[in-house]
Structures are given as structure tokens and as C-alpha cells.
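Structural description and commentary
For reference, the chains in residue letters:
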Amino acid sequence: MAAFVEPHFDAWQQGAGNMTVVDMVPPEMLHMVHPHWNQFPPMNPLWHSILGFAIFCLGMVSMIGNGCVISIFTSTPSLKTPSNLLVVNLAFSDFLMMFTMGPPMVINCWHQTWVFGPFACELYACLGSLFGCTSIWTMTLIAFDRYNVIVKGLAAKPMTNSGAMIKILGVWAFSLFWTLAPFFGWNRYVPEGNMTACGTDYLTQTWLSRSYILIYAIFVYWLPLLTIIYSYTFILKAVSAHEESMREQAKKMNVASLRSSESQQQSAEIKLAKVALVTISLWFMAWTPYLVINFTGVFKAAPITPLATIWGSLFAKANAVYNPIVYGISHPKYRAALYQRYPSLSCQSDNSSSNDSQSVASAATTASDEKA
């Protein structure tokens, strides 16, 4: 296999000559490119083709999946709950991420450089940061809502439509603050090393530029991560304590199980809480490469190549695909509604609609309302 691949790569490398990855950038973009990238030759066109094809596939799956989530959650009466507004907001943010960022990146991969000009580069990076920040804090609110209802139980205050909307607006305002800051001189948006995408400047070594990366990471990565870990740690503790008490009570009564309708509902909540944990873990898997790349640049921990920056773009955009897939697999009522409206997109039969499980965002709230 190597005998067939290496000559092609060598021929391409010889054709590149003394060119650098920066030489393909339009002249009006050169003032935005950090000198660090002048040392690297142009990337193998095969990598641009792979990245463009991957982004195209991810974009189609994401827009279809999140579009279905938005449509079904907003039109199915049993799914119209205050907490499910968070689910809709998450799908809306993920949909917009791929709708606004997927097509430009595919086109740039075709041209093997950024072709839309400086302002479009800044806008592209701004939208990516905005939708990414909105997604993670929406996931954080969902996790905290699970904690509030499952751990606190009847002591928890049920979420209302107005309360959910206030939280959603707060998330968008908070995200907008961080994404507009580079337009006012706190860091800046620049082309990434592969020159087909744009992001924050993590190579400029001034403290004004570096402080943005460090503080942004605290409020948009570490703080949400710690909040989610805290929430799900206590959720799992509450789940474990409940299951243990059920087993002990069953032994005393000499029966196999004490599963009543209420305990079945709580068991469904437990399973769905685990699904939410998996979903959030996938989100962090998607955005951690960007964090590593940014911190590597800020602290000069290792040399960053244009090829390395591809993985940050790819994994981050893949996050917009995970959520609708996870909800579709784990959400019986969503699957039932999906089957009725879009039979070709569903993987279950219509008779499964009798399952009484709720969504990750609505199950505990529904249960607490019934108990109240």
C-alpha cells in the first residue's frame, strides 16, 4: 500500500516547491494570518477533500436530525413542556451551527483556502463560538434541571415556560458577550492553520490576547464541565440510594420486585439521566481538541501544524450531529412521533408509542408535577 501512496505524495510535494500554506490566501486576508503559518508547506489536497466531504456529510445529518427534533418537540402535545424548551434550544443552536458553518467550509475546502474575505472570516468564527457556547450552557441547564428534580424531589420548584425562556435568553446573551469581545479588541478572529476555517487567535503572545483564551476557557469549558459533573454525581448517588432501598424493601417483603407505576417512572428517569450524561460527554469529546489546540498555542507547549487544526474543526462540528442521534435512540415518545411523521427516518414500529418514558429534559419535571 505504501508503494502506491508515497510516490503520489512525493510528486505533490515536489510540485508545491517552496510555497507555503499562506501563499494560497487572498491578498486581502494576509494581514489576519499569523506569521507562525509561514513555515508550513501547503497541505496535501487529499486532506482538504476528506475534510470537505466529512463536513458535508455531518452538515446534512445534523440539519436533518436537528430539524426533526425541533419540528417534533414543538408540535407534539405530550412533549410541549417548559423543560423541553431547553431541548429545542439545543437543537436550534446545533442546527444553526451547521447551517451557517458547513457550506462555507465545504466551499473553502474545494478551493483549499479561505475565499470569502476578512469580514466573512470574522463572522464565521463569531458564529461558531456563539453556537458552541450556547450549546454547552444549554446542556448545563439541562443537567442542572435533572439535578434539581431528581435529587431535590418535591422540594424542587417546577420550571415554568417563562422561567425556561428567561434561562434561554440569558444563555444567548452570555454567549453573545464572549463572541462579540474580539470585535472590540479583546483577542481577534483569524484564519486557522488549514486556512479553510477561522477561529480565535491563540498564537499572539500579548497578555490581552492570551487572557481572552484563558478566561473564555474558564467560563465556557471548565465551569460548565464542573457544574455538569457536580449535577450528575449527585444524580447517580440519588439513583443508587433509591435502587438500594428498593432491593432491601423487596427482600424484607420476600418479593422479586417492588416496581409500581411510580418506581417505573423513576427508573425511566434514571436511564434517561444516563443518556444525558453520555450526550454531554460526547459534547466535551467534540470540543476538547479545540481546547487543546488553543492552550498549546497560548503556552507554546508544542508546535501546531495546519493538519492538526483540521481535527479541531471536524470534532467540534461533529457535536451538532450527536444530540439528535442520541435523542432518537433513547427517546421512545420522540421515536413514536418520528415514526408517525417521517416513517422513513424512524427505526421503530408504531406500536412502540405505548412506552411511557419521557425525554431527558421533561421526564423528571413531569414526574414531579404528578407527585405534587
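First, a word on what this report is: a plain description of the structure on this page.

A few words on the overall build of the chain. Check the secondary structure of the chain and you find 10 helices and 2 strands. Along the chain, helices (α) and strands (β) appear in the sequence α-α-α-α-α-β-β-α-α-α-α-α when read from the amino end. Residue burial in the chain is summarised as follows: out of 372 residues, 51% are buried. Considering only residue pairs separated by 6 or more positions, the chain has 76% of its internal contacts joining residues 24 or more positions apart. When the accessible surface of the chain is split by element, carbon and sulfur atoms take 68% of a total near 17500 Å².

Right, let's talk about the pattern of salt bridges for a bit. Pairing is possible between side chains that carry opposite charge, provided their charged atoms lie close to one another. This model, assessed by the stated rule, comprises 2 salt bridges. The salt bridge partner of Asp 145 is Arg 146, with a shortest N-O separation of 2.6 Å. Asp 201 is the partner of Arg 188 in a salt bridge, and the nearest nitrogen-oxygen pair spans 3.0 Å. Taken together, the residues span a long stretch of sequence, with Arg 188 in the loop between α5 (161-180) and β1 (189-191) and Asp 201 in the loop between β2 (198-200) and α6 (207-252) at a distance of 13 residues.

Here we come to the nonpolar core. By size, the foremost hydrophobic cluster in this structure holds 87 residues, and its most contacted members are Trp 37, Tyr 202 and Phe 284. Those elements that place two or more of their residues in this core are α2 (45-75), α3 (84-111), α4 (118-151), α5, α6, α7 (261-299), α8 (306-330) and α9 (332-341).

This paragraph deals with α3. With 28 residues, α3 should reach 40 Å at 1.5 Å per residue; the first-to-last C-alpha distance of 41 Å fits that figure. Trailing α3 by a residue or two, Gln 112 shows a phi angle of about 65°, which is positive.

Take unusual backbone geometry next. Residue Asn 187 is not a glycine yet carries a positive backbone phi of 70°. Structurally, Asn 187 can be placed in the loop between α5 and β1.

What follows is about a nonpolar patch on the surface. Residues Phe 119, Leu 123, Leu 176, Leu 180, Phe 183 and Phe 184 make up a contiguous nonpolar surface patch of roughly 610 Å² in combined accessible area. Every element with two or more residues in the nonpolar patch is listed here: α4 and α5. Residue placement: Leu 123 occurs in helix α4.

With that out of the way, let us pick up the packing of α2 against α9. Contact geometry for α2 and α9: axes closest at 10 Å, N-to-C directions at 100°. Taken together, the axis directions place α2 and α9 in an arrangement best described as roughly perpendicular. Residues Gly 65, Cys 68, Val 69, Ser 71, Ile 72, Phe 73 and Ser 75 of α2 touch α9, and the partners they reach there are Tyr 334, Ala 337, Leu 338 and Arg 341. Tallied by class, the residues present in the contact of α2 with α9 amount to 7 nonpolar, 3 polar and 1 charged.

As a further point, take the packing of aromatic side chains. Enumeration over the complete set of coordinates arrives at 24 aromatic pairs. Each ring, one from Phe 131 and one from Trp 172, has its centre 6.1 Å from the other, and the planes form 80°; the classification is edge-to-face. Here the residue Phe 131 occupies a position in helix α4, and Trp 172 occupies one in helix α5, the gap between them amounting to 41 residues. Side by side, Phe 131 and Trp 172 carry an identical accessibility label, which is buried. Each residue in the set Trp 137, Phe 174, Phe 177, Trp 178, Trp 186, Tyr 212, Tyr 216 and Phe 219 is aromatic and connected to the rest through ring pairs, giving one cluster. Here the guanidinium or amino end of Arg 210 rests over the ring plane of Trp 207, the centre of that ring lying 4.7 Å away.

Another aspect to go through is the packing of α2 against α3. Between α2 and α3, the least distance of the axes is 8 Å, while the angle of their chain directions is 155°. Judged by the angle between their axes, α2 and α3 are roughly antiparallel. Of the two elements, α2 crosses α3, and the hand of that crossing is left-handed. Taken together, the residues that form the contact of α2 with α3 break down as 18 nonpolar, 9 polar and 1 charged.

Here is what the cut-offs are and how they apply
- Residues numbered from 1 in each chain as written.
- Predicted model: local features only at pLDDT ≥ 70, side-chain atom pairs only at ≥ 80, totals over all residues.
- Heavy atoms only, no water.
- Helix = DSSP H or I, 4+ residues; strand = E, 2+ residues; numbered from the N terminus.
- Buried < 20%, exposed > 50% of the residue type's maximum accessible area, 1.4 Å probe, protein only.
- Contact = heavy atoms within 4.5 Å.
- Areas by Shrake-Rupley, 256 points an atom, 1.4 Å probe, with all protein chains shown as cover.
- Salt bridge = Lys/Arg side-chain N within 4 Å of Asp/Glu carboxyl O.
- Core = buried A, V, L, I, M, F, W, Y, C linked by side-chain atoms within 4.5 Å.
- Expected span 1.5 Å × (residues − 1).
- Patch = residues over 30% accessible without salt bridge, like charges linked within 9 Å, V, L, I, M, F, W, Y side chains within 5 Å.
- Axes fitted to C-alpha atoms, helices over the stretch in contact; angles between N-to-C directions.
- Parallel < 35°, antiparallel > 145°, perpendicular 65-115°, else oblique.
- Nonpolar A, V, L, I, M, F, W, Y, C, P; charged D, E, K, R; others polar.
- Phe/Tyr/Trp six-rings, centres within 6.5 Å; stacked < 30°, edge-to-face > 60°.
- Lys NZ or Arg CZ within 6 Å of the ring centre and 35° of its normal.
- Left-handed = near helix turned anticlockwise from the far one by under 90°.

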